[in-house]
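# Summary of structural features
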Amino acid sequence: MAAEEGAMSPTRMLAEGHLRVATGGGAPADGGIAVRHLPHHHPAKKDGVGRKTEQDNNEDVDSLLSQELKKLANGNNKVPGTLDDYKKLVVPIVEEYFSTGDVELAASELRSLGSDQFQHYFVKKLISMAMDRHDKEKEMTSVLLSSLYADLLSSYMISEGFMMLLESTEDLTVDIPDAVDVLAVFIARAVVDEILPPVFLTRARALLPEFSKGIQVLQVVEKSYLSAPHHAELVERKWGGSTHFTVEEAKKRIQDILREYIESVDIDEAFRCIRELGLPFFHHEVVKRALTFGMENISSQPLILKLLKEAAAGCLISSNQISKGFSRLAESVDDLSLDIPSAKDLFDKLVSTAISEGWLDASFSKSAASEEEIQNTSADKVKRFKEESGHIIHEYFLSDDVPELIRSLEELSAPEYNPIFLKKLVTLAMDRKNREKEMASVLLSSLSLELFSTDDIMKGFIMLLQSAEDTALDIVDAPSELALFLARAVIDEVLIPLNLDEISSKLRPNSSGSQTVQMARALLSARHSGERILRCWGGGTGWAVEDAKDKITKLLEEYNTGGDLGEACRCIRDLGMPFFNHEVVKKALVMAMEKQNDTGILALLQECFGEGLITINQMTKGFARVKEGLDDLILDIPNAQEKFGAYVELATGRGWLLPTFASVP
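Because the structure is a prediction, the values reported are computed rather than measured.

## Concerning the pattern of salt bridges
Under the counting rule described, the total for this entry stands at 22 salt bridges. With a closest N to O distance of 3.2 Å, Asp550 and Lys554 form a salt bridge. Taken as a pair, Asp550 and Lys554 lie in helix H32 (residues 545-560) at a separation of four residues, close to a single helical turn. The exposure class assigned to Asp550 is partly exposed, which follows from its relative accessible area of 38%. Where Lys587 meets Glu583, a salt bridge forms, and the shortest distance between an N and an O atom there is 3.5 Å. Taken together, the positions of Lys587 and Glu583, both in helix H34 (residues 581-595) and four residues apart, correspond to about one turn of that helix. Exposure remark for Glu583: the relative accessible area of 2% places this residue in the buried category. The structure contains a network of salt bridges with shared partners spanning Arg203, Lys437 and Glu481.

## Notes on the side chain of Glu481
Mapping Glu481 onto the fold places it in helix H28 (residues 478-491). According to the relative accessible area criterion, Glu481 is buried, its value standing at 4%.

## What to know about helix H5 (residues 119-131)
Residues lying three or four places apart along an α-helix face the same way, a consequence of the helix completing one turn every 3.6 residues. End to end, H5 covers 19 Å across 13 residues, agreeing with the expected 18 Å (1.5 Å per residue, within 8%). In terms of burial, H5 is a largely internal element, 12 of the 13 residues being buried. Within H5, burial applies to Gln119, His120, Tyr121, Phe122, Val123, Lys124, Leu126, Ile127, Ser128, Met129, Ala130 and Met131.

## Structural notes on the nonpolar core
Inside soluble globular proteins, nonpolar side chains tend to come together where they are buried. Core analysis: the biggest nonpolar cluster contains 102 residues, and Phe421, Phe461, Ile503 and Phe623 have the highest contact counts within it. Top element by residues in this core is H28. It accounts for 10 residues. Setting aside residues up to four positions removed in sequence, Phe421 forms contacts with Phe385, Ser389, Ile393, Leu405, Leu409, Leu443, Leu447 and Phe452. In this structure, Ile93, Ala107, Leu145 and Met163 belong to the second largest nonpolar core, which totals 60 residues.

## A look at the confidence of the model for the protein chain
Summary statistics for the protein chain give a mean pLDDT of 78 and a share of 80% for residues scoring 70 or more. Here residues 1-78 is modelled with pLDDT under 50, and outside its nearest four sequence neighbours on either side it reaches 267 contacts, counting other chains as well. Here residues 540-544 is a poorly scored stretch, pLDDT under 50, and it has 16 contacts once near neighbours within four places are set aside; other chains count.

## As for the packing of aromatic side chains
Evaluated as defined, the whole model comprises nine aromatic pairs. Considering the side-chain rings of Phe326 and Phe347, the 6.2 Å spacing of their centres and the 50° angle between planes classify their relative orientation as tilted. With Phe326 in helix H17 (residues 319-331) and Phe347 in helix H19 (residues 343-356), this pair connects stretches of sequence that are 21 residues apart. The burial state of Phe326 is the same as that of Phe347; both residues are buried. An aromatic cluster is present here, built from Phe326, Phe347 and Trp359 joined pairwise through their rings.

## Topic: the packing of helix H14 (residues 267-277) against helix H16 (residues 301-313)
Remark: H14 packs on H16, axes separated minimally by 11 Å, with the N-to-C direction vectors making an angle of 60°. Of the possible angle classes, the one that applies to H14 and H16 is oblique. Viewed along their axes, H14 and H16 form a crossing whose handedness is right-handed. Taken together, the residues of H16 that come into contact with H14 (itself represented by Ile267, Ala270 and Phe271) are Lys306, Leu307, Glu310 and Ala311. Among the residues forming the contact of H14 with H16, the class breakdown is five nonpolar, no polar and two charged.

## A look at the side chain of Ser142
Position of Ser142 among the secondary structure elements: in helix H6 (residues 135-148). Once residues within four sequence positions are removed from consideration, Ser142 is found in contact with Phe186, Arg189, Asp193 and Trp239.

Conventions and cut-offs
- Residues numbered from 1 in each chain as written.
- Predicted model: local features only at pLDDT ≥ 70, side-chain atom pairs only at ≥ 80, totals over all residues.
- Heavy atoms only, no water.
- Salt bridge = Lys/Arg side-chain N within 4 Å of Asp/Glu carboxyl O.
- Helix = DSSP H or I, 4+ residues; strand = E, 2+ residues; numbered from the N terminus.
- Buried < 20%, exposed > 50% of the residue type's maximum accessible area, 1.4 Å probe, protein only.
- Expected span 1.5 Å × (residues − 1).
- Core = buried A, V, L, I, M, F, W, Y, C linked by side-chain atoms within 4.5 Å.
- Contact = heavy atoms within 4.5 Å.
- pLDDT = per-residue confidence, 0-100.
- Phe/Tyr/Trp six-rings, centres within 6.5 Å; stacked < 30°, edge-to-face > 60°.
- Axes fitted to C-alpha atoms, helices over the stretch in contact; angles between N-to-C directions.
- Parallel < 35°, antiparallel > 145°, perpendicular 65-115°, else oblique.
- Left-handed = near helix turned anticlockwise from the far one by under 90°.
- Nonpolar A, V, L, I, M, F, W, Y, C, P; charged D, E, K, R; others polar.

Below, the structure is given as structure tokens:
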């Protein structure tokens, strides 16, 4: 079969509920409930990143394992040592699931592997095995993916698994003649079940060869399934379907269960009804609604606390779902205050009680600290600042005038609210087109140089990450877009990689925000990550990267033919792409070799470095890129090696390069 690769693995077991998927075309076996994934209540999706060859994939597995993801695997002595070991262990899990239809058992066995590095191989293997089987197994596969999503399988890994399948379509069709259509149905079903973002189709198309069968799959998905009338119902019934609730039906049932419990005080009956819902991945809604009941009706609070405490103690509701429910309510406390004036105090007491009784993780109160510090100040002032910030940001998106925005922000005279401005900027950009997303990243780079401290930027991202799940209810692809913003901030040197560790330490383990930081790390650790992340929204306030390169070439050529040094520096500054100045360095060095104008070009680099226009990181990155391409340069410039050696010697003497440059291969 096709290329196979690995990545991060399960982080925790599926919540209790002992779900069974229907193993026939009709009702579920053994009285269990087969459920499909409920939309709008989980962390949003992450599309696939750069595509690679099989050799690259396996090299990246080793790279990722040796870096951030290896930390997650430490302490578990059951981690398969190699991809081959993992393959041998995962196939029996899939086979057993197809025989029993037991979602919980499959989740438990997958978790018992303790593997952090091969998770999206499981997604690929599960689907590829189902593709060659009957509709029953295909339906069971979609249900399993939906049930494991967010609790065991991250959106990023599901996207990666599907991307591997698209790359493997040519090989799949050798054994499965209708592989193109079958895989198209799986992708359409994943989109309908909201475990795969619609934007995945666009990004996958950009990464696949133009005439590949993977492209054919995407065309079938869009034309035959997702664009058809009543497409959701069509896709869900393609393989016979399963018994499921819509989100609104599930919420109504949960509300009815809680009301009946408060009236009857029959906790066993409440537990039975919650269990019969068969929706362990939606138990955070039970927690949120129960707490809201307790805040609305103080007399019912002891009953609510007893229900949640015993549900947690009996593992009916997992600790992760408990935390997620509290987190969702925390984000809506301000709105609740309109109906319940004392909502904030009531919520704080509920948190304190839950932590003291041991059924809410103590880290929950710590994770909310960064935004609470800001919220302790005048609520009216914060509200006015948010409104003014919104106007300023909207004006910036229209005018693309960074200096004017900075002046407007300075006039507000509220530097203590800089993190709120950052949160507002990124949130508004996420719900707009690529042009505005690129403009937001460029603006962050400018603000970090002139107004915002690193602490401001970190606090702003922490606030965004803490509210990622609720943001995803309005912006489908919020976590993946936020991961790109976070990775881009590192590439732009607005943050340093170490800041990601500091940000992660402020987030609840296994939360949507924590997973988003992991996504950002994975993006940054991928091969050629810098250029790929720079290309994610175009480059330089909406320019394509190629346009930016062309502008750099022209300004250097103009300078080289007798242009003014100050004018050249001004043109570089006007590009508004400080994160892309390594391209200026690279092209300048190559031009110096080609035109034999060492003195003039090196004088320009010295001036840019002296003014702080090109940072030491960008200078080092530019030199490193030239060093990587020396073998090709020598074909056109025979003395390139000697020339570059002289440039490096001069740059080292003048302090342009980081000490780490010497270790660049």
